[in-house]
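Commentary on secondary and tertiary structure
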Amino acid sequence: MILPMKKLTLLVLDSQKKAALKTLRNFGAVHIEKEAASSDTLTELQNTYARLQQAEALITESKPKKAEKTKTETLTLNRNDLLQAVDEILELKDQESNTRAAINKLTGDIEAYSSWGDFDPEDIRSFEENSIYLTIGELPEKSYAALPETIKTVRLAGGKKTVRFAIVSETADVPADLPSDFSPLILPDMRLSAMHTERERLQKQLPSFKAKIGARTELLAPLKAEAKKLAKEIEFETVHAGMEIIPLDEDTAEIPGAADTAVTLTAADTGKKEPRRLARLSGYILAEKQADFAGLAKANGWAFIADDPAEEDAVPTAMRHNRFVQLLTPLTDFLGTVPGYREPDISLWFLLFFGIFFAMIFGDAGYGGILVILSLIGIVKAKAKEQPAPLAMQMFLYLGVLTVIWGTATCNWFGISVEYIPAWLKNLSVPAISNATEATVRNANLMQFCFTLGLIQLTIGHLISIVRNIRSPQILGHIGSIAMLCGMYVVVLSLVVSRERYQINQPVLIAIGCGFALNFIFSNYQTGIGQSIVDSLKNIITMFLGVVNVFADIMSYIRLWAVGLAGSAISATVNQMAGPALGSFLIFLGVLLLFFGHGLNYIMNVLSVIVHGVRLNTLEFSNHVGLTWAGFKYEPFAE
């Protein structure tokens, strides 16, 4: 269930806000609306946190992959010592980056100067001591031949098209009458052979930086621990810096909303003759915690207002479930799906139907048995360590048991051909959907089961909406939707399963037509029927497409049969491929093929569950419930 919340506005003296926030954090029940905040302290904390994260990432990336596992003593470093170590890590990274940049520059210089030969630039510069200036460059053959006689040159090298030469002059100025296509040579810092030597030295030095960083693995644990502390400090400072400041000019001012706590500010509260100020904080608290908070506020001299949230308020969602429904938590956490505060909680139905979808998609009792065994191992290990059984393991156990049940009902065990399955296992199967039944009949029954499952789930979605809007004429719109679902259900069966058994007759058309009419008139009901009809007319195309969507939503459930059938076919194919090898000297190859093939199929089934099984709950079912998953988690400000 979604727990009711109260919107909270808290007022404290500005001089006491830090102490108030510490008390509030210890209380640990207020979800604070964080405002845009900035302060020197916050900036410093964020920069420090970023440096810690960067250092941790560098060590993790640089540590040897096949390092010997040796027990290292846990380092206990204060923040200053740890930051000093971080600076050393980041300095090594900077040195590595600078070395790479130097190597890249040398590589470019080598390419640029290699055609000029291994000359020493200092030899050319030494002529300047005798007032002889050399300007080296190159020109096309024709341009060089056309140089005026006033320019004294020494030809160095030449090809068919380009001439390299040196201009000799008594001043450092380059002759002004040089052709525009003259390309001067900028003298390098060292000779070509020295460039090669320096590049080789730097390339040999480069791996040492990564090795030195990777050798500091003993810092990983302190870095993670300190990062957690800093994250809490950043959260605290963000709230602290984001609190709105309200000046009070009067000598005595009663804090608004302080009637419950009888808090009144006087000049004595500050101890100074400076203008007094209040700090304001907004957030949300569980309604069941309001009384406890009132006592805390009275004990600390705070003022607060607690009201029901307004329609426009973005209220966090806090949920509480029984032990069974709690099994869904690992999945919703993985998906990041949270219902809005004013939306219905479908967790129970989500868990029930997701379990059925999971079992049908896996469709194999053997695969389910593996999941049951792995889950039990995880639970037993946790119990052996006197720890609570992980919710994920409990959820997998639930899914595994349902898969075993479904696989037993369909007589599907690791894709083994039905003639090789023991008779007692065949007897446990349900004839209508068992692999022992003729394929055409079995597939027709399975498809009908999928469509029936879809009808049931989507109808439950509208029943949930009817219960939520029991006092509103909107329930007639949902009744109309149920009528359309029932009519479209018969249409789908007629088109897919059997036209003879399921005929699209007059009652079916009446159900669809009357259902559409009710949905058209009452689905947008707010203040009156007239306005509801007008709103529907504004979205007339969407309303008509809604009929098609009902058909598509029911049809969508056939994916459970199709994906389950594909998985079974893959299992059977793997067995057929491995069978010949198992009866020969290639038995090892056959076993390897079985493990690889079924393992790959297992992974594909997991992906299919995420794509198809989750979709039917979060899209088709949720749309009929009116659930948009637009919420966000209730995360109280706490230690």
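The model shown is predicted, which means the values in this text are computed figures rather than measured ones.

A word on the overall build of the chain
Of regular secondary structure, the chain possesses 20 helices and 11 strands. A compact globule built from 639 residues would reach a C-alpha radius of gyration of about 26 Å, whereas the chain, at 38 Å, exceeds it by more than 25%. Summarising its shape, the C-alpha atoms of the chain cover approximately 110 × 95 × 65 Å along the three principal directions. Here the chain, with 639 residues, has 41% of them falling under the buried criterion. Counted over contacts in the chain with a minimum sequence separation of 6, partners at least 24 positions apart contribute 79%. Carbon together with sulfur atoms contributes 59% to the accessible area of the chain, which is approximately 35,300 Å² in total.

Remarks on the packing of helix 14 (residues 439-468) against helix 20 (residues 587-625)
Orientation of helix 14 relative to helix 20, taken along the N-to-C sense of each, is 45 degrees, at an axis distance of 7 Å. Taken together, helix 14 and helix 20 sit at an angle that is classed as oblique. Between helix 14 and helix 20 lies a crossing of right-handed hand. Each of Gln457, Leu458, Ile460, Gly461, His462, Ile464 and Ser465 in helix 14 lies in contact with helix 20, whose residues at this interface are Leu616, Asn617, Glu620, Phe621, His624 and Val625. Tallied by class, residues from the contact of helix 14 with helix 20 come to 6 nonpolar, 6 polar and 1 charged.

Comments concerning the pattern of salt bridges
The tally for this structure, following the rule as stated, stands at 26 salt bridges. The partner of arginine 51 in a salt bridge is aspartate 87, with the nearest N and O atoms 2.5 Å apart. Highlighted residues: arginine 51 in helix 2 (residues 40-62) and aspartate 87 in helix 3 (residues 79-113), separated in sequence by 36 residues. A relative accessible area of 25% means that arginine 51 is categorised as partly exposed.

Digging into helix 15 (residues 474-496)
Its 23 residues give helix 15 an end-to-end C-alpha distance of 33 Å, which sits within 8% of 33 Å, the value for a rise of 1.5 Å per residue. Most of helix 15 sits inside the fold, with 17 of its 23 residues counted as buried.

Procedures and definitions
- Along each chain, residue indices are assigned from 1 in the same order as the chain's sequence is written.
- Residues qualify for local features only when their pLDDT is at least 70, as the model is predicted, and side-chain atom pairs are given and counted only at 80 or more; totals for whole chains, interfaces and linings, by contrast, use all residues.
- Hydrogen atoms and water are omitted, and side-chain values are computed over all heavy atoms in the structure.
- Runs of H or I in DSSP of at least four residues are treated as helices and runs of E of at least two as strands, each being numbered from the N terminus.
- Our radius of gyration looks at C-alpha atoms and nothing else; its globule reference is 2.2 Å times the residue count to the power 0.38.
- Burial classes: relative accessible area under 20% of the type maximum marks a residue as buried, over 50% as exposed, and values in between as partly exposed (1.4 Å probe, protein chains only).
- Note on contacts: a residue pair is in contact if any heavy atoms of the two residues lie within 4.5 Å.
- All accessible areas in this document rest on Shrake-Rupley with a 1.4 Å probe, and a residue is counted as covered only by the protein chains that are shown.
- Each axis is a line fitted through C-alpha atoms, and for a helix only the stretch in contact is used; angles between axes span 0 to 180 degrees, taken between their N-to-C directions.
- Angles are sorted into four bins: roughly parallel if under 35 degrees, roughly antiparallel if over 145, roughly perpendicular if 65 to 115, and oblique for all others.
- Crossings are sorted by hand: turned counterclockwise from the far helix by less than a right angle, the near helix makes the crossing left-handed, and turned clockwise it makes it right-handed.
- Three categories are distinguished: nonpolar for Ala, Val, Leu, Ile, Met, Phe, Trp, Tyr, Cys and Pro, charged for Asp, Glu, Lys and Arg, and polar for the others, with Gly belonging to the last.
- For this analysis, a salt bridge means a side-chain nitrogen from Lys or Arg found within 4 Å of a carboxyl oxygen belonging to Asp or Glu.
- For a helix, the expected span equals 1.5 Å multiplied by the residue count minus one.

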